[in-house]
Amino acid sequence: EGSTGVNMFTAVGSGSTWDYWEYCGDRLMKEIQIGEVHLHGDDLYFHSKRTGGLGDLDIWVTTRNDFGYWSDPINITEVNTNGLDGFPFISSDGNEMWFMRTYLGSPAIYRSKNVGGNWQEPELIVSQFAGEPTLDAAGNLYFVHHFYKNDEMIEADIYMAEKKK
């Protein structure tokens, strides 16, 4: 969720070090209220409980212009529900959004395809206790598998699902 207690920074990579750290600014952190983010080109996808959403967490997008200003965020209503929708990941070609949503009371991974500039109805990919999806260049899916006992998360492990050839 968007929070002023957690801040995002940019840095310039040089070999094995990162230099020129810079706070991303109050526009993103306080006005737009970004949460978990994924940057795809000049589009920043994020989840937030900001006003104007459909439910708990929603997925939004803001775009950086040539002057470095971030646009007013747009709620991606095609993928959001009145529940928790978050942790977006956009494929390198921009044609797929992978994200987490609550399914039968636990986190699950969904995918929405972008067809003609429009996000399609999401489909369930990995059900129950799976979240925070990321894909590598080969299309393999990495996710966190959460283990609960007595409604308390006791463990979270990273799993990989290899893309079928």
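Residues numbered from 1 in each chain as written. Predicted model: local features only at pLDDT ≥ 70, side-chain atom pairs only at ≥ 80, totals over all residues. Heavy atoms only, no water.

**Side note on the nonpolar core**
Listed in full, the 11 residues of the largest apolar core are Tyr45, Ile59, Val61, Ile76, Val79, Ile90, Met97, Phe99, Ala108, Tyr110 and Trp119. Going through the elements one at a time, β5 (58–63), β8 (96–103) and β9 (106–115) are the ones with two or more residues in this core. Non-local contacts of Val79, meaning those with residues more than four positions away in its chain, are made with Ile59, Asp85, Met97, Phe99, Arg101, Ser112, Trp119, Gln120 and Pro122. Core analysis: the next-biggest nonpolar cluster, separate from the first, contains nine residues, Met29, Ile34, Phe46 and Trp60 among them. (Core = buried A, V, L, I, M, F, W, Y, C linked by side-chain atoms within 4.5 Å. Buried < 20%, exposed > 50% of the residue type's maximum accessible area, 1.4 Å probe, protein only. Helix = DSSP H or I, 4+ residues; strand = E, 2+ residues; numbered from the N terminus. Contact = heavy atoms within 4.5 Å.)

**Let's talk about the sheet that holds strand β13 (residues 141–149)**
The strand order β12-β13-β14 describes an open sheet built from three strands, whose pairing is antiparallel. Single-partner strands in this sheet number two, and they are β12 (130–135) and β14 (152–161). Within this sheet the neighbouring strands show an average axis-to-axis angle of 20°, counted without direction. Where β12 meets β13, four bridges bridge the pair, whose relative direction is antiparallel. Bridging from a neighbouring strand, Ala130 pairs with His145 of β13. (Pairing = 2+ DSSP bridges. Axes fitted to C-alpha atoms, helices over the stretch in contact; angles between N-to-C directions.)

**What to know about unusual backbone geometry**
With a phi close to 65°, Gln33 is a non-glycine residue in the positive phi region. Inspection of the secondary structure puts Gln33 in the loop between α1 (26–32) and β3 (37–40). For Gln33, a relative accessible area of 31% translates into the label partly exposed.

**Quick word on a nonpolar patch on the surface**
On the surface, Phe9, Trp18 and Trp21 cluster together to form a nonpolar patch covering roughly 420 Å² of accessible area. Along the polypeptide, Trp21 turns up in strand β2 (residues 17–23). For Trp21, a relative accessible area of 57% gives the class exposed. (Patch = residues over 30% accessible without salt bridge, like charges linked within 9 Å, V, L, I, M, F, W, Y side chains within 5 Å. Areas by Shrake-Rupley, 256 points an atom, 1.4 Å probe, with all protein chains shown as cover. Salt bridge = Lys/Arg side-chain N within 4 Å of Asp/Glu carboxyl O.)

**As for the pattern of salt bridges**
What the rule picks out here adds up to eight salt bridges. The salt bridge involving Lys30 is made with Asp26; its shortest N-O contact spans 3.8 Å. Here Asp26 and Lys30 lie together in helix α1, a separation of four residues that amounts to about one turn. A salt bridge links Glu96 to Arg111; its shortest N-O distance comes to 3.9 Å. Of this pair, Glu96 sits in strand β8 while Arg111 is found in strand β9, placing the two residues 15 residues apart along the sequence. Several salt bridges share partner residues, and in doing so they unite Arg27, Glu31 and Asp72 into one network.

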